[in-house]
Amino acid sequence: MRQALAEARRAFDLGEVPIGAVVVWGDRIVGRGHNLVETLNDPTAHAEMQAITAATASVGGKYLSECRLYVTVEPCVMCAGACYWSQVGSVIYGAADPKRGVSTVSQAVFHPKTTVRGGILEAECGELVSSFFRKLRK
């Protein structure tokens, strides 16, 4: 999760909503990403999408069933769908997203074999997003 936080800080520095993600296979990071929505003017350029794309290129296949996705904020429905289609083995997130997180709809969006766990470094992950929006509102 610390590596995902480092990615989130990169997004923060770019003026993006500070969400970061890494995909881990065994003990190796095979994909990294942070939000690039504003930079690329692309609403699908979420951290998870960037990390999943990098991971599939790295492992040489579209399925990530042996991988863990660490993301600083609960994935949205779109990113949960990408996890479903890539069959990510585990999703571990930091802070919940009570407005746009997948749990506002249904955890069933994830692949049935995917395990999901939240609250890892929750305070640190949540504070980064909160400080971004405080700074934005000044």
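Our structure's up above, just so we're on the same page.
The notes below deal with the structure included here.

Each value, and the rule that gives it
Residues numbered from 1 in each chain as written. Predicted model: local features only at pLDDT ≥ 70, side-chain atom pairs only at ≥ 80, totals over all residues. Heavy atoms only, no water. Helix = DSSP H or I, 4+ residues; strand = E, 2+ residues; numbered from the N terminus. Rg over C-alpha atoms; globule rule 2.2 N^0.38 Å. Buried < 20%, exposed > 50% of the residue type's maximum accessible area, 1.4 Å probe, protein only. Contact = heavy atoms within 4.5 Å. Lys, Arg positive; Asp, Glu negative; His and termini not counted. Charge placed at Lys NZ, Arg CZ, Asp CG, Glu CD. Salt bridge = Lys/Arg side-chain N within 4 Å of Asp/Glu carboxyl O. 1 Å grid on protein atoms, 1.4 Å probe; cavity = no way out; pocket = protein on both sides within 12 Å on 5 of 7 lines; lining within 4 Å. Points joined across faces, edges and corners; volume = space filled by probe spheres on them. Nonpolar A, V, L, I, M, F, W, Y, C, P; charged D, E, K, R; others polar. Pairing = 2+ DSSP bridges. Axes fitted to C-alpha atoms, helices over the stretch in contact; angles between N-to-C directions.

When helices and strands are tallied, the protein chain shows five helices and five strands. Beginning at the N terminus, the succession of helices and strands in the protein chain can be written as α-β-β-α-α-β-α-β-β-α. Expected size for 138 residues packed as a compact globule is a radius of gyration near 14 Å; at 14 Å, the protein chain falls within 12% of this value. Counting only C-alpha atoms and orienting by the principal axes, one finds that the protein chain spans roughly 45 × 30 × 25 Å. Burial status across the protein chain gives 44% buried among its 138 residues. Of all intrachain contacts in the protein chain linking residues separated by at least 6 positions in sequence, the fraction that spans at least 24 positions is 58%. One finds the centroid of the 15 positive side-chain charges in the protein chain at a distance of 2 Å from the centroid of its 13 negative side-chain charges.

To continue, consider the side chain of E48. Tracing the chain through its elements places E48 in helix α3 (residues 47-59). Here E48 is buried and forms no salt bridge, its nearest opposite-charge partner R100 lying at an N-O distance of 12 Å. Beyond its immediate chain neighbours, meaning those up to four positions away, E48 contacts A21, L69, V71, V73, P75, C76 and C79.

What follows covers the layout of surface pockets. Approximately 700 Å³ is the volume found for the largest pocket. Surrounding the largest pocket, 27 residues form its lining, V17, D97, R100, V129 and F133 being those nearest its centre. Residue assignment for the lining of the largest pocket shows that the elements contributing at least two residues are α2 (37-40), α3 and α5 (122-137). When residues of the lining of the largest pocket are assigned to their parent elements, the largest contribution, six residues, is made by α5. Looking at the lining of the largest pocket, its residues break down into 14 nonpolar, five polar and eight charged.

Another point: the sheet that holds strand β4 (residues 90-95). Reading across the sheet, the five strands line up as β2-β1-β3-β4-β5 and stay open at both edges, with mixed pairing between neighbours. Edge positions in the sheet fall to β2 (28-34) and β5 (115-117), since each has one partner strand and no second. With direction set aside, neighbouring strand axes in the sheet form an average angle of 15°. Sheet analysis places strand β1 (residues 20-25) next to β2, joined by six bridges and oriented antiparallel. Pairing of V24 across the sheet is with I29, part of β2. The strands touched by α3 are β1, β2 and β3 (67-73); relative to β2, the strand with the most contacts, the crossing angle is about 145°.

Any link to function would need more than the numbers given here.
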